[in-house]
Structures are given as C-alpha cells and as structure tokens.
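Tertiary structure, described
What follows is each chain in one-letter form.
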Amino acid sequence: MVQQMENQKISPIAQTVQMLKSKYWALPHRDRLALNLLSIFFSILFFVYGVFLPAHNYAKDADVSYAKNNEEYQWFKSKEPEVRALKNVARTVRTDDKSMLSLASSTAKQRNLTFKRTEPEGDNGLRVWLEDVSFNDLIMWLDTLNSRNGVVPKQISIDRQETPGKASAKIVLERS
C-alpha cells in the first residue's frame, strides 16, 4: 500500500524515465553498446542537419544578399555625378497657370513615362508612383520639371529593377 502511494506521487514522465532506465540496464552488454553507438550517430545527424547546415546556409545567403546590395549601391553611386549635374542646372521661369498634375503629366509624356498612380500632396504638391521606367528618362524628367517649371522633388524613393537601367520610383513634387 505504501509503495502504491509512492508510485502515485511520481509524475508520469518520471515513471517513463525510470521504466526506460530499468529496460536499458536489463539489456545485455552488447545491446547497450549498440544502443549507445546508435544514440551517438543520431545525435551527430541532428547536429549536422539541424544546426550546422541551416547555419551554414544562412551565412551563405547573407553573403549573396550583401554582394547584391553592394552592387546596387555601386550602381547608384555611379549615377551620383549625373544627378548632381542635373541639380546644378539653372532654372527658368515657371508656369503657375497649370495644375501640378497636368504639368507633371505633360512633361512625363515627353519622356515616355507613365504614372502608375498619382495623388495630391498638400496645397502645392503631387505624389507620383512610376514603375519599371528608364532611370535616365526619370532623371531627365525631374530636371525638366525643375529647370523649366520650378517643380522640385520634396521626397524621392528610387528602387533598381532587375532589368539594367530600369527603376521604380515614388516621388513627392512641389513648386519651389
């Protein structure tokens, strides 16, 4: 009766562990040795396929991502002189009679640019989205808006596309 009460106090996990230990020690010496070697083998497999290979693949993917991002950075860095040259171009008199949307649309058509989406930005601004457009045409369009119409980009977000020379952009324009 006392032993039964003691068994009830032991948790089911502890009972299972105790049962496995007793079965292990009841095995012949050679069987215990084989079981130990099999346990070591599976532990090595777990370490290799569960820890080492995933960590190695993560590091390899990080290296590839770094190389790609560095390549994009170098591409944008190479375009910096062009952008700075366009920024320094003298402005001409702007036209206040046209709305920002019609001004942006008409100058964009001259560069074969089409807007994906537009929306007003405050009293004197316009937010435009362009996708998969020529980077050079985009820069020339911004220069035209600036030099001929006094419209400057307030915010620019440009993303390089897979196709060389192509970009997607989100730009907030405003009259200066």
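Please refer to the structure placed before this passage.
This text gives an overview of the structure that appears in the document.

How each quantity is defined
- Residues numbered from 1 in each chain as written.
- Predicted model: local features only at pLDDT ≥ 70, side-chain atom pairs only at ≥ 80, totals over all residues.
- Heavy atoms only, no water.
- Helix = DSSP H or I, 4+ residues; strand = E, 2+ residues; numbered from the N terminus.
- Buried < 20%, exposed > 50% of the residue type's maximum accessible area, 1.4 Å probe, protein only.
- Contact = heavy atoms within 4.5 Å.
- Areas by Shrake-Rupley, 256 points an atom, 1.4 Å probe, with all protein chains shown as cover.
- Core = buried A, V, L, I, M, F, W, Y, C linked by side-chain atoms within 4.5 Å.
- Expected span 1.5 Å × (residues − 1).
- Phe/Tyr/Trp six-rings, centres within 6.5 Å; stacked < 30°, edge-to-face > 60°.
- Lys NZ or Arg CZ within 6 Å of the ring centre and 35° of its normal.
- Patch = residues over 30% accessible without salt bridge, like charges linked within 9 Å, V, L, I, M, F, W, Y side chains within 5 Å.
- Salt bridge = Lys/Arg side-chain N within 4 Å of Asp/Glu carboxyl O.
- Pairing = 2+ DSSP bridges.
- Axes fitted to C-alpha atoms, helices over the stretch in contact; angles between N-to-C directions.

**A closer look at the overall build of the protein**
In terms of helices and strands, the protein carries 5 helices and 4 strands. Starting at the N terminus and ending at the C terminus, the protein contains elements arranged as α-α-α-α-β-β-α-β-β. The proportion of buried residues among the 176 residues of the protein is 22%. Within the protein, residue pairs in contact and separated by at least 24 positions form 62% of the contacts whose partners lie at least 6 positions apart. Carbon and sulfur atoms make up 57% of the accessible area of the protein, which amounts to about 13,000 Å² in all.

**Regarding the nonpolar core**
As a rule of thumb, nonpolar side chains are buried together in soluble globular proteins. Within the largest apolar cluster, 17 residues are counted, with the highest numbers of intra-cluster contacts made by Leu130, Leu138, Trp141, Ile171 and Leu173. Counting residues in each nonpolar core, the second largest holds 5 residues, with Leu86, Phe135, Ile139 and Ala167 among its members.

**A few points about helix H5 (residues 135–149)**
Relative to the 21 Å expected for 15 residues at 1.5 Å per residue, H5 spans 21 Å between its end C-alpha atoms, a close match to the ideal helical length. Inspection of H5 places Phe135, Leu138, Ile139, Trp141, Leu142, Asp143, Thr144, Leu145, Asn146, Ser147 and Asn149 among the buried residues, and these make up the whole buried set. Within two residues after H5, Gly150 carries a phi angle of roughly 70°, on the positive side.

**So, the packing of aromatic side chains**
Going through the model one piece at a time under the given rule, you end up with 5 aromatic pairs. For the pair Phe41 and Phe42, a centre-to-centre distance of 5.6 Å together with 65° between the ring planes defines the contact as edge-to-face. Among the residues examined, Phe41 registers a relative accessible area of 46% and is labelled partly exposed. By relative accessible area, Phe42 is classed as partly exposed at 48%. One aromatic cluster is present, formed by Trp75, Phe76 and Phe135 through successive ring pairs. Over the face of the ring belonging to Trp129 we find Arg117, whose NZ or CZ atom lies 4.3 Å from the ring centre.

**With respect to a nonpolar patch on the surface**
A surface patch of nonpolar side chains, about 660 Å² in accessible area, is lined by Leu27, Leu35, Leu38, Phe41, Phe42, Leu45 and Tyr49. Positionally, Leu27 belongs in the loop between helix H2 (12–26) and helix H3 (29–87).

**Considering the sheet that holds strand S1 (residues 117–121)**
Strand order in the open sheet formed by 4 strands is S1-S2-S4-S3, and the pairing between neighbours is antiparallel. Strands at the two margins of the open sheet, each flanked by one partner only, are S1 and strand S3 (151–160). Taken over all neighbouring pairs, the strand axes of this sheet differ in orientation by 20° on average, direction set aside. Bridging between S1 and strand S2 (residues 125–134) involves 5 bridges; their strand directions are antiparallel. If you follow Glu119 over to S2, its bridge partner there is Arg127.

**Looking at the pairing of S2**
Along S2, 7 of the 10 residues are buried, which leaves the element largely enclosed by surrounding structure. As consecutive antiparallel partners, S1 and S2 are separated by 3 residues, and within that stretch Gly122 has a phi angle of approximately 70°, a positive value. Both S2 and strand S4 (residues 166–175) contribute to a ladder of 8 bridges, which runs antiparallel. The residue of S4 that forms the bridge with Trp129 is Lys170.

**Comments concerning the pattern of salt bridges**
Opposite charge on two side chains makes pairing possible when the charged atoms of those side chains draw close. All told, the structure shown has 9 salt bridges when counted by the stated rule. For Lys77, the salt bridge goes to Glu80, with nearest N and O atoms at 3.3 Å. Residue Lys77 and its partner Glu80 are located together in helix H3, separated by 3 residues, close to a single helical turn. By relative accessible area, Lys77 is classed as partly exposed at 40%. Taking the shortest distance from any N to any O, the salt bridge between Lys79 and Glu82 comes out at 3.7 Å. Taken together, the residues Lys79 and Glu82, both in helix H3 and 3 residues apart, mark about one turn of the helix. Note on Lys79: relative accessible area 18%, which makes it buried. A single salt-bridge network, built from bridges that share partners, covers Arg117, Glu119, Glu121 and Arg127.

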